[in-house]
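Below are the chains, spelled out letter by letter.
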Amino acid sequence: MRKNSTALVTGGNGGIGQEICKALSNQGCHVVAGYHPADQENAEKWQAAMKEEGFNFSIKAADVSNADSALEMVTQIESEIGPIDVLVNCAGITRDKSIKKMDIEDWDAVIETNLNSAFYVTKPVMMAMMEREYGRIINISSVNGQRGQFGQPNYSAAKAGLHGFTMSAALEGATKGVTVNTISPGYVETPMTSAMPEKVLDAIVSQVPMRRMAKPQEIAFAVAFLADERNAYTTGANIPVNGGLFTSF
Ligand code: CAA
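Parameters and conventions
Residues numbered from 1 in each chain as written. Predicted model: local features only at pLDDT ≥ 70, side-chain atom pairs only at ≥ 80, totals over all residues. Heavy atoms only, no water. Helix = DSSP H or I, 4+ residues; strand = E, 2+ residues; numbered from the N terminus. Rg over C-alpha atoms; globule rule 2.2 N^0.38 Å. Contact = heavy atoms within 4.5 Å. Areas by Shrake-Rupley, 256 points an atom, 1.4 Å probe, with all protein chains shown as cover. Near = heavy atom within 4 Å. Polar contact = N/O pair within 3.5 Å; in protein donor to acceptor, adjacent residues only side chain to side chain. Nonpolar A, V, L, I, M, F, W, Y, C, P; charged D, E, K, R; others polar. Core = buried A, V, L, I, M, F, W, Y, C linked by side-chain atoms within 4.5 Å. Buried < 20%, exposed > 50% of the residue type's maximum accessible area, 1.4 Å probe, protein only. Axes fitted to C-alpha atoms, helices over the stretch in contact; angles between N-to-C directions. Left-handed = near helix turned anticlockwise from the far one by under 90°. Pairing = 2+ DSSP bridges.

Some points on the overall build of the protein chain
Helix and strand counts for the protein chain stand at nine helices and seven strands. The C-alpha radius of gyration of the protein chain comes to 17 Å, within 12% of the 18 Å expected for a compact globule of 249 residues. The principal-axis extent of the C-alpha atoms belonging to the protein chain is close to 45 × 40 × 35 Å. At a minimum sequence separation of 6, the contacts of the protein chain that also span at least 24 residues come to 75%. Carbon and sulfur atoms provide 54% of the accessible area of the protein chain, an area that totals close to 12000 Å².

Here you go:
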């Protein structure tokens, strides 16, 4: 990892985000965990709990589905903490429903939080990275963006879109030392999957060739690899971490 790097992880206090924060911190980054403003009390408790474990994370509130809020967070981090060298767009929600039952609010909320947010946060961060000619951007997508999933038309669309965004951003960053890649996790042991109906989750896990869900640490390990300074020639790529649930080129 580049010395004295600052990393911003949106959704940093979430199930996967927390392990990404730890992995980047273990590699020597100063980590800023982004959290939703409505989650302030929990985020502060989380920060204190992490400190007990020996992790000195900064935290910053932003509604990343809002362009102004995202920009304000990035501006504050760059002026108060330092230039962001590593950005992990990890904030995400689900509103699982079949198309038949899904209303426009469910559609919009997921597209805004899981896809538009990546543009809102990446734009200011990436422009500054390109000026400094160094950066690592990692977008957290999903196996369900690659293959679709019953009950997730909004989520699958957002996560597939996220990799389209990655590929285009990679081309823009290529001559400026900025790599942009996607990680597509399968089903991971997090509050997001534990909120699923048990029967549905069991049926899905029984189809995973490894017959188990991922540990969040297994996703974080792939993020740390992409975030490393030495990982300079991989860009526009997608790394699936899904236990074999979906195999492709
Ligand atoms: N394939 C085909 N048909 C299915 C189906 C499936 N997987 N699941 C349900 N159906 C059928 C039912 O048999 C039923 O048919 P009939 O009407 O003929 O009886 C019909 O579809 C029911 O449709 P509904 O719209 O009423 O669906 P529901 O309300 O029963 O269930 C749901 C909808 C709760 C969203 C459910 O489909 C579900 O939980 N799906 C899983 C979503 C999922 O995988 N979420 C992942 C969350 S974690 C995450 O997102 C992280 C990550 O990146 C992986």
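Digging into the site of the ligand
The environment of the ligand is made up of 20 residues, and the closest members are Asp-96, Ser-98, Lys-101, Ser-142 and Tyr-187. Measuring from an oxygen atom of the ligand, one finds a side-chain N or O atom of Tyr-155 at 2.8 Å. Measuring from an oxygen atom of the ligand, one finds a side-chain N or O atom of Tyr-187 at 2.7 Å. When the ligand sits alone it has 1100 Å² of accessible area, and the protein chains cover 58% of it. Broken down by secondary-structure element, the contributors of at least two residues to the shell around the ligand are helix H7 (191-194) and helix H8 (198-206). For the shell around the ligand, the per-class residue count stands at eight nonpolar, nine polar and three charged.

Considering the nonpolar core
Grouped burial of nonpolar side chains is what soluble globular proteins tend to show. Membership of the largest hydrophobic core comes to 34 residues, with the highest contact counts inside it found for Ile-20, Leu-24, Val-86, Val-88, Ile-138 and Ile-183. The set of elements that each furnish at least two residues to this core consists of strand S1 (6-9), helix H1 (15-26), strand S2 (30-35), helix H2 (40-52), strand S4 (84-89), strand S5 (135-140) and helix H9 (216-227). With seven residues, H9 is the largest single contributor of residues to this core. Not counting chain neighbours up to four residues away, the residues in contact with Ile-138 comprise Val-86, Leu-87, Val-88, Asn-89, Asn-181, Ile-183, Val-223, Leu-226 and Ala-227. If you look at the next biggest cluster of nonpolar residues, it comprises 21 residues, including Ala-62, Ala-70, Ile-84 and Met-129.

Some words on the packing of helix H3 (residues 67-80) against helix H4 (residues 104-132)
At a minimum axis separation of 7 Å, H3 and H4 run at an interaxial angle of 35 degrees. Both H3 and H4 take part in a crossing whose hand is right-handed. On H4, the residues that touch Ala-67, Ala-70, Leu-71, Met-73, Val-74 and Glu-78 of H3 are Tyr-120, Val-121, Pro-124, Val-125, Ala-128 and Arg-132. For the contact of H3 with H4, the residue count by class is ten nonpolar, no polar and two charged.

Side note on the pairing of S4
Sheet faces and side chains relate simply in a regular strand, where the side chains alternate between the two faces. Where burial is concerned, most of S4 is hidden: six out of the six residues are buried. As judged from the four bridges shared by S1 and S4, these two strands associate in the parallel manner. Bridge assignment links Leu-8 to a residue of S4, and that residue is Leu-87. Two elements, S4 and S5, share four bridges in a ladder whose sense is parallel. In the sheet register, Asn-89 faces S5, and the bridge partner there is Asn-139.

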